[in-house]
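Residues per chain are reported as follows:
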Amino acid sequence: EKKVLASSAKDLSPSYDWFQTDRLITVVIYTKQKDVNADLVIVDCQDKQLRGEIIMDDHSYLVNIDLDHAVSEDVAVNIAEKVGKVEIILNKKDNVHWKMLGQPCEGHNTFMKRTDRGLFYRKCKLVSKTEVTHDTKLFCLMLPKGTHLRVPTGQHVYLKHIIAGTEVVKPYTPVLPFLPLDFQEPPCHDGVHIYLMIKIYSHGLFTQALDHLQIGDFISVSNPEGSFKKSQVQTSEDLLLLAGGTGFTPMVKLLNFALTEVSCLRTVKLIFFNKTENDILWRNQLEQLALKDERFEVQFILSQPSKDWVGKRGKISSSLLSEFVKRSRRDSKVLICICGPAPFTEQGVQYLQDLGYSQEEIHAFTA
Ligand code: FAD
Ligand code: NAD
């Protein structure tokens, strides 16, 4: 049976071709799959190196070439979604006829398991750093000109930096620059900037180094990764988000996606666990959003409140969850997403299962 699977996988393997005009080089990738969208196409073109990766479920197809001649930094990517064709259009620096596209590099023209591919990093420039709370900052990174990359809802990237001579890698979940308050506005991902909301730990190895980056400095950012599927939300009527501290970060794009693109959702509720009031991320924006959109509700729960906190207190528990996690109708379809410190997520999933929610109704964001 294995052999059958292997040969059918080969038939489905994408292929590529290229052609040229006086000014342009066009590389065409035929994915042989419908519904290819911009989330699944990652292109990097720097110097004379072209790398194009197409994500197809748990597989990836790669074009990786050391180009024959120089091209400019402007790279256009066209996706014919329905026919699954991807065009990468490069501008020749010199008006010469190319005899060949270039020399194949590692992994060129291969179709393999994503987990076997290894992560690709490109250097991004830090363009701004703004305070969110006393210890958390919003970092805005700019992708290089020749890069086309979108981080899908629910996925994270890895940042890589050399600290005291050693390469250190940590995962972070991109957010939006702000929550969607005005649904008339076009989506705020411009394809160029990546926003990261990062808590700086006073003894943290990586976050201390990040905090010391200056505007204009560079940091390496990987391709996206993660198991979350948007389709889990698209069929839900109630969406419940349980976040602990910076476990809020995956909820940002999820909220935006749910409230702007999922028409069957009736209720969206964020239950946000923090130590103190000062630790609540984007509290004002969340309260504004709740006023603006009647489907959305937010509940803050503090584990170390000051004595004047009149809201809910405590850590995640069966009784808190049975109070706040409910279906809007007896038989409505729910999705519960949970993210935070590992013990928070583990306990939360256990309590939810004890309350009768099935595995399909729960998505835990973990490493
Ligand atoms: P570390 O040096 O690892 O230490 C962190 C803090 O914990 C320090 O105060 C340290 O003293 C303490 N500490 C370390 N080990 C222990 C221990 N065993 N017991 C008790 N205390 C300990 N973080 C964000 O801020 N934003 C995000 O969007 C984000 N996304 C993530 C996505 C994923 C998939 C995962 C797995 C994690 C994510 N994180 C995010 C966390 C992030 O990857 C780092 O773990 C975090 O930034 C801390 O890194 P650090 O090197 O600064 O800290
Ligand atoms: P924090 O220490 O400020 O805690 C926030 C809240 O989480 C607390 O108020 C409490 O209610 C709860 N909590 C903390 N420790 C707990 C425990 N042992 N048991 C039960 N509940 C507990 O949180 P932080 O410093 O902002 O840390 C956020 C965590 O989220 C980090 O560990 C980070 O790695 C993780 N994170 C994971 C992902 C992901 O996996 N995709 C994304 C973002 C953040």
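Given the structure is predicted, the values throughout are model-derived calculations rather than measurements.

**Section: helix H8 (residues 342–354)**
Because each turn of an α-helix spans 3.6 residues, side chains separated by three or four positions in sequence point in the same direction.
So, point 1. Between its terminal C-alpha atoms H8 stretches 18 Å, which fits the 18 Å expected from 13 residues at 1.5 Å a residue.
So, point 2. Three or more residues of H8 are buried, namely Phe344, Thr345, Gly348 and Leu352. One side of H8 carries all its buried residues, which in axial view fall inside an arc of 95 degrees. Among the exposed residues of H8, those pointing more than 90 degrees away from its buried face are Glu346 and Asp354.

**Quick notes on the site of ligand 1**
So, point 1. Taken together, 18 residues sit near ligand 1, with Lys170, Pro171, Tyr172, Phe206 and Thr207 positioned nearest.
So, point 2. Backbone polar atom of Met197 to a nitrogen atom of ligand 1: 2.9 Å apart, as the coordinates give it.
So, point 3. Compared with its free state, where it exposes 970 Å², ligand 1 has 59% of that area covered by protein.
So, point 4. When residues of the shell around ligand 1 are traced back to their parent elements, those giving at least two are strand S14 (166–172), strand S16 (193–199) and helix H3 (205–211).
So, point 5. Across the shell around ligand 1, the residue classes break down as eight nonpolar, eight polar and two charged.

**Observations concerning the environment of Leu241**
So, point 1. The topology assignment puts Leu241 in strand S18 (residues 238–244).
So, point 2. Looking at Leu241, the relative accessible area reads 0%, which means it is buried.
So, point 3. For the pair formed by Leu241 and Val325, sequence separation is 84 residues and the distance between their alpha carbons is 9.3 Å.
So, point 4. Excluding anything up to four places from it in sequence, Leu241 contacts Met251, Leu254, Leu255, Val268, Lys269, Leu270, Ile271 and Cys337.

**Regarding the sheet that holds strand S22 (residues 334–339)**
So, point 1. Taken in spatial order, the six strands of this open sheet run S21-S20-S19-S18-S22-S23, and their pairing is parallel. Strands at the two margins of the open sheet, each flanked by one partner only, are strand S21 (312–313) and strand S23 (362–364).
So, point 2. Each of S18, strand S19 (267–274), strand S20 (296–302) and S22 is contacted by helix H5 (residues 249–261), which is oriented at about 165 degrees to S18, the strand it contacts most.
So, point 3. Contacting S19 and S20, helix H6 (residues 283–292) crosses the sheet at an angle of about 145 degrees to S20.

The rules behind these values
- Residues numbered from 1 in each chain as written.
- Chains lettered and ligands numbered in written order.
- Predicted model: local features only at pLDDT ≥ 70, side-chain atom pairs only at ≥ 80, totals over all residues.
- Heavy atoms only, no water.
- Helix = DSSP H or I, 4+ residues; strand = E, 2+ residues; numbered from the N terminus.
- Expected span 1.5 Å × (residues − 1).
- Buried < 20%, exposed > 50% of the residue type's maximum accessible area, 1.4 Å probe, protein only.
- Arc of directions from axis to C-beta.
- Near = heavy atom within 4 Å.
- Polar contact = N/O pair within 3.5 Å; in protein donor to acceptor, adjacent residues only side chain to side chain.
- Areas by Shrake-Rupley, 256 points an atom, 1.4 Å probe, with all protein chains shown as cover.
- Nonpolar A, V, L, I, M, F, W, Y, C, P; charged D, E, K, R; others polar.
- Contact = heavy atoms within 4.5 Å.
- Pairing = 2+ DSSP bridges.
- Axes fitted to C-alpha atoms, helices over the stretch in contact; angles between N-to-C directions.

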